[in-house]
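Read off the chains here:
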There are 2 protein chains.
Amino acid sequence: MPTETPQPAFVLVRPQMGENIGAAARAMWNFGLDRMRIVAPRDGWPNSKAAAMASGAGRLLDEAVLADDLPGALADCTYVFATTARVRGLTKPVYAPERAMQVAAEKISAGEKVAVLFGPERAGLENEDVARANAIINVPVNPEFASLNLAQCVLLTAYEWRRASGEVEMERTDMGGADWASHLEVEKLADHYEERMEEAGFFFPEHKREGMKINLRNMWSRMPLTGADVRMLHGVLRQMVRWKDRGE
Amino acid sequence: MPTETPQPAFVLVRPQMGENIGAAARAMWNFGLDRMRIVAPRDGWPNSKAAAMASGAGRLLDEAVLADDLPGALADCTYVFATTARVRGLTKPVYAPERAMQVAAEKISAGEKVAVLFGPERAGLENEDVARANAIINVPVNPEFASLNLAQCVLLTAYEWRRASGEVEMERTDMGGADWASHLEVEKLADHYEERMEEAGFFFPEHKREGMKINLRNMWSRMPLTGADVRMLHGVLRQMVRWKDRGE
């Protein structure tokens, strides 16, 4: 069964190689999309090479909606995007993938049914296909080298869908079970190092003494230290003192 | 020769299959990146399978910097990202690809040298590798199905670099050589249809007449018509009148 999550349908138009259909299914499911439609696949359907390539995403192929032609695949859709690398000379809005999937998310949350068309591997969508779409998605590839394959185009669009549907955390720190050191802990660490370095004769020559102390203390404050880091750094220093005391 | 454009280096750490190294080169060059570094490739270097797969991006392989180990590959870098699918239990900032490449762009424009690490196909980066990085990049894949391959991870990161380096147009209309219709052109089109429909007896019954006229006029105003569209719609209507006049 498909997931309940509202989402666009991804429509593969006249795909050629089964492997690419399978890779497209994997790319979709990597970003939580599972509504595939397939128009007139060259080698018929089902396709064993597609199934082999899809591996963990095989369910998408089993549940894919087949259609003989594009109007048949789009009958229930209210808004259709066509992905294309080329400018077509058709009067039509052209979106970057990010903006396109934002528009898709808005339309879908307003109850619309949205589809995204992906053309056959060799030549891409025909103008006849693009004329049936409401808007174009253009991936901003290097103009000197535009060679995205079908699954890569599906991957980038699915990735942008996931970003647009608002589930992506931009930034966090993996604490690995640790806590940040408190100001007091850092202060005591700085004191510990300053005292031992004083005993060791590190702050030399005399006229640089205060500046060196400030630099050392400033360094500890600049570092994003955990409580465990602070304990480790105390241990490092104590061990150096023990080593010295052993008189080796 | 590499392009002059300031950019991060992409570092493939102990890559296994030559095909994947070639596919990574293509993925980079699709988004204008051409600084690859390779650490201890399993099958030695150069690698004919990598070259065959890279096709149009073969220059990246010829110019790739080889290193025996990770510290050797990173010697000149001031900030290093590690891409990883798993949480590591290392205390470290974790960025979404978009934010990571924004940070990279800021650092690079401030003169820093930035690298992004990609692990070997099977297992990804070791914790020993990740501990050498300043931050982690985590691609927001479906937790039920996280199966990005090496080239796909490179592709998404390169795509985000291109977005962050500010060359992507979010939205435009491909006019295909056409101009939007002027208000006057649309007004005259609406008049033309209204007159002919009046003659044809379309506005019936009488009590709905004014409402129907308003709806018809409103429809024309809602449509994003070009001058050519307006001329075509005039032609459609004139042709219907001619057909009627032929009395077939």
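Residues numbered from 1 in each chain as written. Chains lettered and ligands numbered in written order. Predicted model: local features only at pLDDT ≥ 70, side-chain atom pairs only at ≥ 80, totals over all residues. Heavy atoms only, no water.

With that out of the way, let us pick up the overall build of chain A. From N to C terminus, chain A includes 10 helices and eight strands. Relative to the globule expectation of 18 Å for 248 residues, the C-alpha radius of gyration of chain A, 30 Å, shows a markedly less compact shape. Seen through its principal axes, chain A has C-alpha atoms that stretch 85 × 40 × 40 Å. Out of the 248 residues in chain A, the part that is buried amounts to 47%. (Helix = DSSP H or I, 4+ residues; strand = E, 2+ residues; numbered from the N terminus. Rg over C-alpha atoms; globule rule 2.2 N^0.38 Å. Buried < 20%, exposed > 50% of the residue type's maximum accessible area, 1.4 Å probe, protein only.)

A few words on the domain arrangement of chain A. Each domain of chain A was delimited in the assignment, giving domain 1 (9-164) and domain 2 (183-247). Each of domain 1 of chain A and domain 2 of chain A was reduced to a C-alpha centroid, and the two centroids are 59 Å apart. (Domains from an automatic or database assignment.)

It is worth spelling out helix H10 (residues 227-246) of chain A at this point. All names here are of chain A. In this model, H10 (20 residues) spans 29 Å end to end at C-alpha, consistent with the 28 Å of a helix rising 1.5 Å per residue. By the burial criterion, the buried members of H10 are Gly 227, Val 230, Leu 233, His 234 and Leu 237. Within H10, the buried residues cover an arc of 135° as seen down the axis, which keeps them to one side. In H10, the exposed positions angled more than 90 degrees off the buried face are occupied by Arg 231 and Met 232. Elements in contact with the buried residues of H10: helix H8 (183-200) and helix H9 (209-222). Just beyond H10, the residue with positive phi is Gly 247, at close to 65°. (Expected span 1.5 Å × (residues − 1). Arc of directions from axis to C-beta. Contact = heavy atoms within 4.5 Å.)

A few words on the relation of the copies chain B and chain A. Mapping chain B onto chain A leaves a residual RMSD of 0.1 Å; the transformation is a rotation of 180° accompanied by 0.0 Å of translation along its axis. Expressed as an axis order, the relation between the two copies is that of a two-fold axis. (Least-squares fit on C-alpha atoms with pLDDT ≥ 70 in both.)

Close inspection of predicted coordinates is inappropriate for parts of the model with low pLDDT. Overall, the predicted model of chain A reaches an average pLDDT of 93, with 100% of residues at or above 70. The complex model carries a pTM of 0.87, and its ipTM stands at 0.85. (pLDDT = per-residue confidence, 0-100.)

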